[in-house]
Structures are given as structure tokens and as C-alpha cells.
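# Descriptive analysis of the structure
Here is what each chain is made of, one letter per residue.
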Amino acid sequence: MAEVESEVVNDMLLEFLETWLHNVLYISNVYPAQVFSTRCKYRVKVRQSVFPELNDYIRKLLLSLLPSIKSKMVQSISVNILEETKVVQSFSLQLSFPIESVEVNVTDDKFLLHCQNIFKSQLTALLNCEGKEVASLSDRTFEVHTQQVESYENDQSDWILSDMDITMETSTKLTPLLFNDAKLFRMQTLISN
């Protein structure tokens, strides 16, 4: 993939990740609803923080991820919601990139629309899970973790089908929301309560 095309994909992913993070924080009630305004992104109503310190933190976080995204080594980005020191909810966005080169014209309107629809469907699934967790506005905080692959050969991630709920050994329920494939990347959002 040419450098310019790679930059287009990286920029699209960063823009989506920013929107995804704002909406994870909104639905998890880490901040009061008044901290968020309604915007339209990817033809869907989303929430965006109006709190300058939070926006600055998210921008710095995304800039720190840029080298890993450029090198296609990010495997997942997880946001853990904590009450005191206990994780009460976790949102994970899994990413995967093709091992072999894929020929896609990233300036083609069909490809750009396809990516926009993927981002829209991911955000819609995330926002629709809002009623799954009735969260109190107690003293909640959050932490963000990333997981990286060591090499493409080691990235043989198993994808969980989005119509399954899996109960893990620790009585944590893992719910995959949606899986999408855009040829140049695949993504899936998972929530655990």
C-alpha cells in the first residue's frame, strides 16, 4: 500500500477511535451526561466531550497510539471502568490487519463509504448497549490499555461471533457487539460486565 493511502487509513482509524472513546466514556457514566454534547458522525448521533482536559487527554492518547497504528501492531484498545479499584465494566476494540498486501484504492468512494458504514455500525452497536448496564454515577474512573502483537505471524486472533455471549470463569460476561471487515482492517467491539 502506498504511503499516502496508508496515511488515509491511519487518519480514518484515529478519527474513529476518538469518537469511540468519547462514546465509551459517555455510556459508562464516568462523567455526567452534561459533559457531553450530541454531534453527528458517520451519519449517526454520537456524544463528544466538551470538557477540555478530557479532550486533551484523548488527543494525547491517540497521538501516542499513532506509531503502533502505522506499524499495524495494535491488537486491541481497552477501556476499563473502575469503581474504587475494581473493574466493573470493560470495553475492548479489537483490530486486525492483513498479513499480506491487499490492493484497495482508499480514495475510491466505495471504499470510503464502506469504512464509514463500518464505523457507523460499530458506534451504533456501542450506543445501543447503553441499556445493558444500569450504571450509577458513583466515583467512577477509567484506564486505557493497549495490547500489541509481536508480529503478524503471531496475530492469529480468534474472533468471537457477535451473536454469542460468553461467560468467563470469573463470572464476567463477555459480549461481542459487532464484527466488521474492511479488507485493510478488521474490527470488533467487546464488552464485559
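Relevant structure appears above.
Heads up: these notes are all about the structure in this document. (Residues numbered from 1 in each chain as written. Predicted model: local features only at pLDDT ≥ 70, side-chain atom pairs only at ≥ 80, totals over all residues. Heavy atoms only, no water.)

Quick look at the overall build of the protein now. If you tally the helices and strands in the protein, you get three helices and eight strands. Per-residue burial for the protein yields a buried fraction of 47% across its 193 residues. In the protein, 70% of the contacts between residues at least 6 apart in sequence involve partners at least 24 apart. Accessible surface, the protein: about 10,500 Å² in total, of which carbon and sulfur atoms supply 51%. (Helix = DSSP H or I, 4+ residues; strand = E, 2+ residues; numbered from the N terminus. Buried < 20%, exposed > 50% of the residue type's maximum accessible area, 1.4 Å probe, protein only. Contact = heavy atoms within 4.5 Å. Areas by Shrake-Rupley, 256 points an atom, 1.4 Å probe, with all protein chains shown as cover.)

A word on the environment of Lys-120. Along the chain, Lys-120 falls in helix α3 (residues 109-128). Through-space distance from the C-alpha of Lys-120 to that of Val-46 is 9.7 Å; in sequence the pair is 74 residues apart. Each residue touching Lys-120, except ones within four places of it in the same chain, is listed here: Tyr-42, Arg-43 and Val-44.

Formed by 47 residues in total, the largest nonpolar core has its most connected members in Trp-20, Val-79, Phe-91, Phe-119 and Met-187. In terms of residue count, helix α1 (residues 3-27) provides more of this core than any other element does, twelve residues in total. Excluding anything up to four places from it in sequence, Phe-91 contacts Trp-20, Val-24, Ile-27, Ser-28, Ile-77, Ser-78, Val-79, Ile-81, Leu-126, Cys-129, Leu-190 and Ile-191. (Core = buried A, V, L, I, M, F, W, Y, C linked by side-chain atoms within 4.5 Å.)

Here the focus is the pattern of salt bridges. Within this structure, the stated rule accounts for four salt bridges. For Lys-41, the salt bridge is made with Glu-15, and the minimal N-O distance between the two is 2.5 Å. One end of the pair, Lys-41, is in strand β1 (residues 36-41); the other, Glu-15, is in helix α1, and 26 residues separate them in sequence. Residue classification places Lys-41 among the partly exposed positions, given a relative accessible area of 25%. (Salt bridge = Lys/Arg side-chain N within 4 Å of Asp/Glu carboxyl O.)

The subject of this paragraph is the environment of Ile-191. If you trace the backbone, Ile-191 turns up in strand β8 (residues 186-192). Measuring from C-alpha to C-alpha, the distance between Ile-191 and Cys-129 comes to 9.0 Å, with 62 residues separating the pair along the chain.

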